[in-house]
Number of protein chains: 2
Amino acid sequence: MNHVIELMKSHRSVRKFSDRQIPRELLLELIRAGQGAATSSHVQAYSVIHVTDPANRETIAELAGGQGYIASCADFLVFCADMKRPTEASERTGANVVRGMTEQLLVASVDTALMAQNVATAAESEGLGICYIGGIRNNPQAISDLLRLPKHVYPVFGMCLGYPAHDPDVKPRLPVEAILKEDYYADDREHVEAYDATMQAYYQTRKGGLKDSTWSQNLAPLFDTKLRPHMREFLVKRGFEMK
Amino acid sequence: MNHVIELMKSHRSVRKFSDRQIPRELLLELIRAGQGAATSSHVQAYSVIHVTDPANRETIAELAGGQGYIASCADFLVFCADMKRPTEASERTGANVVRGMTEQLLVASVDTALMAQNVATAAESEGLGICYIGGIRNNPQAISDLLRLPKHVYPVFGMCLGYPAHDPDVKPRLPVEAILKEDYYADDREHVEAYDATMQAYYQTRKGGLKDSTWSQNLAPLFDTKLRPHMREFLVKRGFEMK
């Protein structure tokens, strides 16, 4: 298979970085590669905050739950869903803009994710390592204040970038037969059971710390509490009312 | 710049396809490349329905607003946010699962988009053309019924894939300076104005039909009506209650 596909299949989160800096021109090219992604109705509903201030990097590392690599990576980006730019542009042409539709939250969040995934792959194609930071949604209001995000903009996730200083294993994924379904949704419990065994074996041999658990078991902390229960109120306050 | 980045910067939606089929093994590799993308807490909250039934393809083409290429492309995929698989797996280990959190809608939608964008880039790296179909959210309940999607699964977008039978122009994107902001969100109106001029010039010379309008003007239909006002009720009914 071609090496673009090989590159994608070899992705793993990198959390330890060398001191080597990323040239400014390369960073711009990564963002341009991101912008090449498809965008719903060409709305391009995203902005990226490049956080260079060391104090702000430390603060975000704490707010995201003590993830020190946010401070130590070469570059840290916050990917924001941005409905401010397109709605205001539309308003300036005389449109009576409706805001706060659930569909707009989806469009902006998906646009942002498509764009970011291009940035991730582009970065890896240049030998960089990356790590998505969903933890910025632990304290999204404080981070929005820190980055001076206006209304109709919300931080979806962060991304650490830098030249890797370690080489973590690639985590096995669910069997492709569980994901790709022919014509109709079909139960995939047997594939999940096989995968649980695969993951349990993986955790007993991987480089980055051993543990004895399955994929299914590991999901419990994600689902047996109200994960990030502040998100609804936060989004409404940002102008994403989910109407 | 390297050719992965060049590939991303040359993306354009393809809507006319040759009769050449995509080998099954390549399709599986594209999905595996998709699965290589980062996923929040390794939850892999997505499923992909490969719609092969010609009658269903025709129906979806109609439901998506008369997009005939859904029926005529080599392969049509529906990318679904899937919280059924991980929550049920977690439940089987004894977890008391909480569902319907807004955060879960975001996690599943973003996971699905990251995965799909890898599929898109992987496909293009093999000489295929693709087109995202957000129009499946025009009639998401009918499409969910057609694909027999269970609760806690919703169709985020479709994707047409095939070997291109035309070569559309690449649409200019917003200036990178509008998207990438240093440390704080900053106004980008001057970049939008420059971009409006760029897009107006583009529309007057592009291959795929000429028109005289700016980016800002083109956004009006997206924002001066309640876009897809059924989405909130639809998602709640699917078990994505946005609590």
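Being a predicted model, the structure only gives us computed values, none of them experimental. (Residues numbered from 1 in each chain as written. Chains lettered and ligands numbered in written order. Predicted model: local features only at pLDDT ≥ 70, side-chain atom pairs only at ≥ 80, totals over all residues. Heavy atoms only, no water.)

This part takes up the packing of helix α2 (residues 24-35) of chain B against helix α6 (residues 102-125) of chain B. All names here are of chain B. For the pair α2 and α6, the least separation of the axes is 7 Å and the interaxial angle reads 135°. Compared by their axis directions, α2 and α6 come out oblique. Two packed elements cross with a definite hand, and for α2 against α6 that hand is right-handed. Contacts between α2 and α6 involve Leu30, Ile31, Ala33, Gly34 and Gln35 from the former and Met115, Asn118, Val119, Ala122 and Ala123 from the latter. Residues belonging to the contact of α2 with α6 are distributed by class as follows: 7 nonpolar, 3 polar and no charged. (Axes fitted to C-alpha atoms, helices over the stretch in contact; angles between N-to-C directions. Helix = DSSP H or I, 4+ residues; strand = E, 2+ residues; numbered from the N terminus. Parallel < 35°, antiparallel > 145°, perpendicular 65-115°, else oblique. Left-handed = near helix turned anticlockwise from the far one by under 90°. Contact = heavy atoms within 4.5 Å. Nonpolar A, V, L, I, M, F, W, Y, C, P; charged D, E, K, R; others polar.)

Before going further, it helps to examine the UniProt feature "domain: Nitroreductase" (unreviewed entry) in chain A. Those residues carrying the UniProt feature "domain: Nitroreductase" (unreviewed entry) are residues 9-163 of chain A in this numbering. Measuring from the first to the last C-alpha atom of residues 9-163 of chain A gives 19 Å, for a span that is 43% helix and 19% strand. (UniProt positions renumbered as here; feature names shortened; annotations may be inferred.)

Glancing now at the environment of Ser109 of chain A. Tracing the sequence through the fold places Ser109 of chain A in helix α6 (residues 102-125). The class for Ser109 of chain A is buried, based on a relative accessible area of 2%. With 63 residues separating them along the chain, Ser109 of chain A and Tyr46 of chain A place their C-alpha atoms 8.2 Å apart. Beyond its immediate chain neighbours, meaning those up to four positions away, Ser109 of chain A contacts Ala81 and Tyr154 of chain A together with Leu106 of chain B. Side-chain polar atoms of Ser109 of chain A contact the backbone oxygen of Leu105 of chain A, separated by 2.7 Å. (Buried < 20%, exposed > 50% of the residue type's maximum accessible area, 1.4 Å probe, protein only. Polar contact = N/O pair within 3.5 Å; in protein donor to acceptor, adjacent residues only side chain to side chain.)

With mixed pairing, 5 strands are arranged side by side in an open sheet as β5(A)-β1(B)-β2(B)-β4(B)-β3(B). Each edge of the open sheet carries a strand with a single partner, namely β5 (180-182) of chain A together with β3 (129-133) of chain B. Neighbouring strand axes in the sheet, compared pairwise and without regard to direction, differ in orientation by 25° on average. Strands β5 of chain A together with β1 (46-51), β2 (75-82) and β4 (153-162) of chain B of the sheet are contacted by helix α5 (residues 84-92) of chain B, whose axis makes an angle of about 45° with β2 of chain B. Relative to the sheet, α6 of chain B contacts β1, β2, β3 and β4 of chain B, its axis offset from that of β4 of chain B by approximately 5°. (Pairing = 2+ DSSP bridges.)

This part is about α6 of chain A. All names here are of chain A. Taking 1.5 Å as the rise per residue, α6 with 24 residues should run 34 Å; its terminal C-alpha atoms sit 35 Å apart, in good agreement. Among the 24 residues in α6, 23 count as buried, and that is most of the element. Count one or two residues on from α6 and you reach Gly127, which has phi positive near 85°. (Expected span 1.5 Å × (residues − 1).)

Residues and elements named next belong to chain B. In terms of burial, β4 is largely enclosed, as 10 of its 10 residues are buried. As paired elements, β3 and β4 share 5 bridges and run antiparallel to each other. Note that in β4 the partner of Ile133 across the bridge is Gly158.

Moving on, we come to the pattern of salt bridges. Across all of its chains, the model carries 30 salt bridges over all chains by this definition. Glu91 of chain B serves as the salt-bridge partner of Arg99 of chain B, at 3.1 Å between the closest nitrogen and oxygen. Among the charged side chains, a salt-bridge network with shared partners connects Lys9 of chain A together with Glu25, Glu29 and Arg32 of chain B. (Salt bridge = Lys/Arg side-chain N within 4 Å of Asp/Glu carboxyl O.)

This next bit is on the interface of chain B and chain A. The interface is formed by 116 residues belonging to chain B together with 116 residues belonging to chain A. With both sides pooled, the region where chain B packs onto chain A buries about 10200 Å², and carbon together with sulfur makes up 64% of that total. For chain B, the biggest contributors to the area lost against chain A are Asp183, Tyr185 and Phe223 of chain B; these three give 8% of the whole. Summed over the shared surface of chain B and chain A, the result is 10 salt bridges. When the shortest N-O distance is used, the salt bridge between Arg228 of chain B and Glu103 of chain A registers 2.6 Å. The tally of links between chain B and chain A comes to 61 residue pairs in polar contact (both at pLDDT 80 or more). Counting residues per element, the side of chain B that touches chain A draws most heavily on α6 of chain B, which supplies 16 residues. Residues belonging to the side of chain B that touches chain A are distributed by class as follows: 64 nonpolar, 27 polar and 25 charged. Here strand β1 (residues 46-51) of chain A pairs with strand β5 (residues 180-182) of chain B via 3 bridges, running parallel. For Val48 of chain A, the partnering residue across the bridge sits in β5 of chain B and is Leu180 of chain B. (Buried area = accessible area lost by both parts, 1.4 Å probe.)

Looking now at the sheet that holds strand β3 (residues 129-133) of chain A. The strand order across the open sheet formed by 5 strands is β3(A)-β4(A)-β2(A)-β1(A)-β5(B), and the pairing between neighbours is mixed. One side of each edge strand has no neighbouring strand; the edge strands of this open sheet are β3 of chain A together with β5 of chain B. Across the sheet, the mean angle from the axis of one strand to that of its neighbour is 25°, orientation sign disregarded. Relative to strand β2 (residues 75-82) of chain A, β1 of chain A runs antiparallel, the two sharing 6 bridges. For Ile49 of chain A, the partnering residue across the bridge sits in β2 of chain A and is Val78 of chain A. Along the sheet, helix α2 (residues 24-35) of chain A contacts β1, β2 and β4 (153-162) of chain A together with β5 of chain B; its crossing angle with β5 of chain B, the most-contacted strand, is approximately 140°. The strands touched by helix α5 (residues 84-92) of chain A are β1, β2 and β4 of chain A together with β5 of chain B; relative to β2 of chain A, the strand with the most contacts, the crossing angle is about 45°.

A separate point is the relation of the copies chain B and chain A. Of the two same-sequence chains, chain B is brought onto chain A (RMSD 0.0 Å, axial shift 0.0 Å) by a rotation of 180°. Between the two chains, the operation in question is that of a two-fold axis. An overlap of 100% is found between the interface residues of chain B and their copies at the interface of chain A, pointing to a shared contact surface. (Least-squares fit on C-alpha atoms with pLDDT ≥ 70 in both.)

All right, on to unusual backbone geometry then. We note that His152 of chain A has phi near 75°; this positive angle belongs to a residue other than glycine. Mapped onto the elements, His152 of chain A comes out in the loop between α7 (140-146) and β4. What makes His152 of chain A buried here is its relative accessible area of 15%. A positive phi angle is found at His42 of chain B, which is not glycine, with a value near 60°.

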